[in-house]
Amino acid sequence: MKLLIVIVQDKDAEALLSTLTQKGYRATKMASTGGFLREGNSTIFLGVDDDKVEEILSVVRERCHKREHFINPAPYAPSAPGSYIPYPMKVEIGGATIFVAPIDYFERV
Ligand code: 2BA
């Protein structure tokens, strides 16, 4: 058995969860925050048999999309007026960050 931890953009979370639950998978969605952008994203946990991992990865690849995001980097220290021009920086987010970990023990009581 494996634990899949899938970090996705909020915009993709509903469609992903709907597809997974329609296919009969049990999943838990938690609200999370990206350490770099400090913006909300969603983390989905799934405990599944080994032979289901590939199907789930295919669903994630299908449902989660890359998007470009622009951020304004802040200056490290205050500087003289006009001496710092904050050029927007382009960041490409997602489609998804996926971790697959082995599960030693699982029980539903
Ligand atoms: P964030 O940490 O908010 O990162 C959002 C996007 O910013 C990243 O997209 C990446 O394109 C960029 N980014 C992150 N750290 C960077 C850095 N040090 N320098 C330049 N650009 C950087 P993704 O890679 O698609 O990641 C989306 C979200 O997935 C992340 O949100 C974070 O919540 C999670 N994540 C990604 N890699 C992770 C990891 N190795 N461990 C834990 N969480 C991870």
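It should be noted that the structure appears before, not after, this text.
What this report covers is the structure whose coordinates are included nearby. Once a new chain begins, its residue numbering starts again from 1 and follows that chain's sequence as written. Whole-chain, interface and lining totals are the exception, using all residues; otherwise, since this is a predicted model, local features are given only for residues with pLDDT of at least 70 and side-chain atom pairs are given and counted only at 80 or more. Water and hydrogen atoms were dropped before computing side-chain values, which therefore reflect all heavy atoms in the structure.

Structural notes on the site of the ligand
Any residue with a heavy atom positioned within 4 Å of a molecule or strand is treated as near that molecule or strand. Taken together, the residues surrounding the ligand are Ile-7, Gly-34, Gly-35, Phe-36, Leu-37, Asn-41, Val-91, Glu-92, Ile-93, Gly-94, Thr-97 and Phe-99. A distance of 2.7 Å is found between an oxygen atom of the ligand and a backbone nitrogen or oxygen belonging to Gly-94. Here, Shrake-Rupley sampling with a 1.4 Å probe gives the accessible areas, and only protein chains in the shown set may cover a residue. Here the ligand has 750 Å² of accessible area as a free molecule, and 52% of this is covered by the chains. A run of DSSP states H or I qualifies as a helix once it reaches four residues; a run of E qualifies as a strand once it reaches two. Both are numbered from the N-terminal end. Of all the elements in the fold, those that place two or more residues in the shell around the ligand are strand E5 (89–93) and strand E6 (96–102). Throughout this description, a polar contact denotes any pair of N or O atoms lying within 3.5 Å of each other; where both atoms belong to protein, one of them has to be capable of donating a hydrogen while the other can accept it, and for residues adjacent in sequence the pair is counted only when both atoms sit in side chains.

A look at the nonpolar core
Buried Ala, Val, Leu, Ile, Met, Phe, Trp, Tyr and Cys residues that are joined via side-chain atoms within 4.5 Å together make up what is termed a nonpolar core. Here the term buried applies to any residue with accessible area under 20% of the maximum for its type, exposed to any over 50%, and partly exposed to those in between, with areas from a 1.4 Å probe on protein chains only. Leu-4, Leu-16, Leu-46 and Ile-56 are the most contacted members of the largest nonpolar core, which totals 17 residues. Of all the secondary-structure elements, those providing two or more residues to this core are strand E1 (2–8), helix H1 (10–22), strand E3 (40–48) and helix H2 (53–63). Top element by residues in this core is H2. It accounts for 5 residues. Here, two residues are considered to be in contact whenever any of their heavy atoms come within 4.5 Å of each other. In this view, Leu-4 contacts Ile-44, Phe-45, Leu-46, Val-48, Val-53, Ile-56, Leu-57, Phe-99 and Val-100; residues no more than four positions away in its chain are not counted.

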